[in-house]
Amino acid sequence: MPTKECLFCEIIEGKIPCTKIFENEKIFAFNDIKPVAKKHVLIIPKKHMENAGDRKHIKILGELMLSTNIIAKKLDIFNSGYRIINNQGKDSGQIVDHIHLHLIGGEPLKEIN
Ligand code: AMP
Ligand code: ZN
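Reference entry: report on the structure contained in this document.

Cut-offs and rules
Residues numbered from 1 in each chain as written. Chains lettered and ligands numbered in written order. Predicted model: local features only at pLDDT ≥ 70, side-chain atom pairs only at ≥ 80, totals over all residues. Heavy atoms only, no water. Donors = N, O, S within 2.8 Å, 3.2 Å for Na, K, Ca; no water. Tetrahedral: all angles 85-135°; square planar, octahedral: opposite > 155°, others 65-115°. Helix = DSSP H or I, 4+ residues; strand = E, 2+ residues; numbered from the N terminus. Buried < 20%, exposed > 50% of the residue type's maximum accessible area, 1.4 Å probe, protein only. Salt bridge = Lys/Arg side-chain N within 4 Å of Asp/Glu carboxyl O. Core = buried A, V, L, I, M, F, W, Y, C linked by side-chain atoms within 4.5 Å. Contact = heavy atoms within 4.5 Å. Pairing = 2+ DSSP bridges. Axes fitted to C-alpha atoms, helices over the stretch in contact; angles between N-to-C directions.

**Topic: the coordination of the zinc ion (ligand 2)**
Here the zinc ion (ligand 2) is held by the protein donor atoms Cys6 (SG), Cys9 (SG), His48 (ND1) and His98 (ND1), which lie 2.0 to 2.3 Å from it. Here the zinc ion (ligand 2) binds 4 donor atoms, and the angle range of 106 to 117 degrees at the metal identifies the geometry as tetrahedral. For the zinc ion (ligand 2), the single-chain donor residues occur in sequence as C-x2-C-x38-H-x49-H. With a gap of 92 residues between them, Cys6 in the segment before α1 (7-12) and His98 in the loop between β4 (82-85) and β5 (101-105) connect regions that are remote in the sequence. Given a relative accessible area of 0%, His98 falls into the buried group.

Rendered as structure tokens:
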């Protein structure tokens, strides 16, 4: 359980509505409320956990990455391509401290390098 209120835990608990895209035993995925591309899905572990760089989360991080294939196929962007982002900390703009991947696509994305 999170030490303070967590927006994504509340979404998983059904306290805050969302548009669900995918769910399995460990993972939940839903549309981002403020999409930065035509398709923008957040993929999160159902259990609250913080810091995607922590070795103790290695198994669920693998599961999250593997789920991107399934979700991209569901969104019909598997062949056109997409980007997977993990924000970490203030400078990245991270606002929710519950591990999450952003999966964005559905249109050509701005180059990042
Ligand atoms: P981050 O900035 O990486 O912490 O990502 C948090 C994301 O959560 C942002 O892209 C927000 O637009 C998104 N977000 C905030 N509130 C909601 C909500 N109620 N439903 C869906 N997405 C949300
Ligand atoms: Zn949480």
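So that's the structure; there's more coming.
**A look at the pattern of salt bridges**
Under the criterion given, the structure shown has 6 salt bridges. Taking the shortest distance from any N to any O, the salt bridge between Lys20 and Glu23 comes out at 2.7 Å. Since its relative accessible area comes to 38%, Glu23 is described here as partly exposed. Salt-bridge contacts for Asp91 lead to Lys90; the nearest nitrogen and oxygen are separated by 3.9 Å. Among the ionic contacts, a cluster of salt bridges with common partners joins Lys20, Glu23 and Lys46.

**As for the nonpolar core**
If you look at the biggest cluster of nonpolar residues, it comprises 17 residues, and the most contacted ones within it are Val41, Ile43, Leu64, Ile71 and Leu75. A per-element tally of this core places helix α2 (residues 58-74) first, with 5 residues. Non-local contacts of Ile43, meaning those with residues more than four positions away in its chain, are made with Ile27, Phe28, Ala29, Leu64, Ser67, Thr68, Ile71, Ile99, His100, Leu101 and Leu103.

**Some remarks on the sheet that holds strand β1 (residues 20-23)**
If you walk across this open sheet you meet the 5 strands as β1-β2-β3-β5-β4, and the pairing is antiparallel. Strands with a single pairing partner mark the edges of an open sheet, and in this sheet they are β1 and β4. Between one strand axis and the next, the sheet turns by 20 degrees as a mean value, whatever way the strands run. Relative to β5, strand β3 (residues 39-45) runs antiparallel, the two being bridged by 5 bridges. Bridge pairing in β5 places Lys39 opposite Gly105. Of the strands in this sheet, β1, β2 (27-31), β3, β4 and β5 are in contact with α2, which crosses β3 at around 150 degrees.

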